[in-house]
Amino acid sequence: MGTPGHKSLHDLVGSVVSGDAPFYGGLDTIKHADHLRMDGEGRAAALWGADWCRFSVAGSTHGNQALALAVGEPGQKVIINRTLHRSLLLGLVLAGLRPVWVRPDIDVVSGLPAGVAVQTVRDALAANPDVCAVFLGDPTYVGTISNLAGHAEAAHEAGVPLIVDQAWAAHLGFHPDLPPHALAAGADAMVTSAHKALPACTQGAIVLARTQRLDQARLDRAFEATHTTSPTGSIMASIDAARALLAREGERLCARLLRGVASARKRLSEVPGLSVLDGPGVEPAKLVALLAGTGANGNLVEADLIAAGMPVEMGDRDTIIAIPSIADDEDRIARFTETLIAAVEKRRGQPRHPEPAAAWTVQPQTVLAPREAFFAANETVAASAAIGRVSAELIAPYPPGIPVLAPGELITADAVAALREVQADGGRIAYAADSTLATFQVIAS
Ligand SMILES: Cc1ncc(COP(=O)(O)O)c(C=O)c1O
């Protein structure tokens, strides 16, 4: 006679609820489950070398927002990469933090972003001695990495913590050929999705921190502020199981993944016109195929891969991003590679230069802080009248979920054109009040 309302019966809604158990009152009694939670989180803290750890059932989205709520106070500035995930931008809204944007360099050959240069962050710190933290997303969505140890040193010299959104790379640090994870590189906190790179249930995320520059009680308050009071036991247990797997067999499974990806990269780069992201600035477990030299349209290649039962993380005109994980053996990765090559051959066309996607090239002009814009009175205007006005909404092509327009930013003709281009290519225009882009929500005049 407690939750869940489905009572583990399948007679009302069918088997969709199978495997669902609440954490409190399911994995243990309501009064005792916290011991179980703290035991799992303590083991994860030890594995990652953290002082503090929490398991989230609300993804890195929640983790990012918790970490935004864990630093500074409303009105303070943070240095942050503009190619951030929308969850962190909304974290700035929640926490009232003001962004000082830094941008990654764009690789001219691939049109894709590299990591943010340490000097860029150093310059921003020198120009803004009043910031309260540095936030960086690393690896980037395309798997490029920055010098996190250099960033940590720069942030610490300025007396502020470095916080890293490492959503895509929970496996980092678990094999000598992988870069260290953010904490090992010197960061003060990181969030990672256990459901992305690790075999945990969807929504599972891990938030980890050191408490030299961040306050443990504040971290807890920030985490609890927006976490559900009814976490799903199955997600919590799966995060713990992924943690146990990494501790037990992480190195072997990462070695298998690295072998699979290395072979796939080699095989793909033998295909005329096709290349892959590779080299010291790229996370070695990511598989990013660059199609421009083959003339194939990535949106069509992606559709072929879906039809073949092998959907990928992202496809746009010039790029296919696959996310192999430690669950994939070498055969699975090789089968995917051959299917990808067959799709590219089928769609081969006139080679072209890659066009950097809107998400990477956005040059925002911030007029109002994100929080002020989020709560300001707004109105809906036709697209033609929106140019030159200040956006009230966040609009992000998804994936990758990087806002092309954020609340408080000037709506430029370039931003509208870039969004329209994504739309014309069949991309999903997410979070816009009007996803047809006929109208925009702007700050009321
Ligand atoms: C860089 C980055 N951070 C955070 C997130 C949010 O992760 P989650 O889906 O686990 O909430 C994403 C999702 O794609 C992401 O790309």
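Because the structure is predicted, anything quoted here is derived from the model rather than measured. (Residues numbered from 1 in each chain as written. Predicted model: local features only at pLDDT ≥ 70, side-chain atom pairs only at ≥ 80, totals over all residues. Heavy atoms only, no water.)

Here's the deal with the sheet that holds strand E9 (residues 287–290)
Next up, step 1: The sheet built from 4 strands is open, its strands ordered E8-E9-E11-E10 with antiparallel pairing. Of all the strands in the sheet, the pair left with one neighbour each is strand E8 (275–276) and strand E10 (314–315).
Next up, step 2: Docked against the sheet, helix H7 (residues 233–269) engages E8 and E9, running at close to 5° with respect to E9. (Pairing = 2+ DSSP bridges. Helix = DSSP H or I, 4+ residues; strand = E, 2+ residues; numbered from the N terminus. Contact = heavy atoms within 4.5 Å. Axes fitted to C-alpha atoms, helices over the stretch in contact; angles between N-to-C directions.)

Quick word on H7
Next up, step 1: With 37 residues, H7 extends just 43 Å between its outermost C-alpha atoms, more than 12% less than the 54 Å of an ideal straight helix rising 1.5 Å per residue.
Next up, step 2: A maximum bend of about 85° is found in H7 at Glu249. (Expected span 1.5 Å × (residues − 1). Bend = angle between axes of the 7 residues up to and from the residue.)

Considerations on the nonpolar core
Next up, step 1: By size, the foremost hydrophobic cluster in this structure holds 76 residues, and its most contacted members are Val134, Val301 and Leu340.
Next up, step 2: If one sorts the elements of this core by residue count, H7 sits on top with 13 residues.
Next up, step 3: Contacts of Val301, omitting those with residues within four sequence positions, involve Leu291, Ala296, Ile320, Leu340, Ala343, Val344 and Arg347.
Next up, step 4: Formed by 33 residues, the second largest nonpolar core is a distinct cluster that contains Leu92, Ala133, Val207 and Leu394. (Core = buried A, V, L, I, M, F, W, Y, C linked by side-chain atoms within 4.5 Å. Buried < 20%, exposed > 50% of the residue type's maximum accessible area, 1.4 Å probe, protein only.)

A closer look at the packing of aromatic side chains
Next up, step 1: In total, this model carries 6 aromatic pairs according to the counting rule given.
Next up, step 2: With 5.0 Å between their ring centres and 85° between their planes, Phe23 and Tyr24 make a pair best called edge-to-face.
Next up, step 3: Note on Tyr24: relative accessible area 24%, which makes it partly exposed.
Next up, step 4: Above the face of the Trp101 ring, Arg82 is positioned so that its terminal group lies 5.4 Å from the ring centre.
Next up, step 5: The cationic tip of Lys196 hangs over the ring face of Trp168; the distance from NZ or CZ to the ring centre is 4.6 Å. (Phe/Tyr/Trp six-rings, centres within 6.5 Å; stacked < 30°, edge-to-face > 60°. Lys NZ or Arg CZ within 6 Å of the ring centre and 35° of its normal.)

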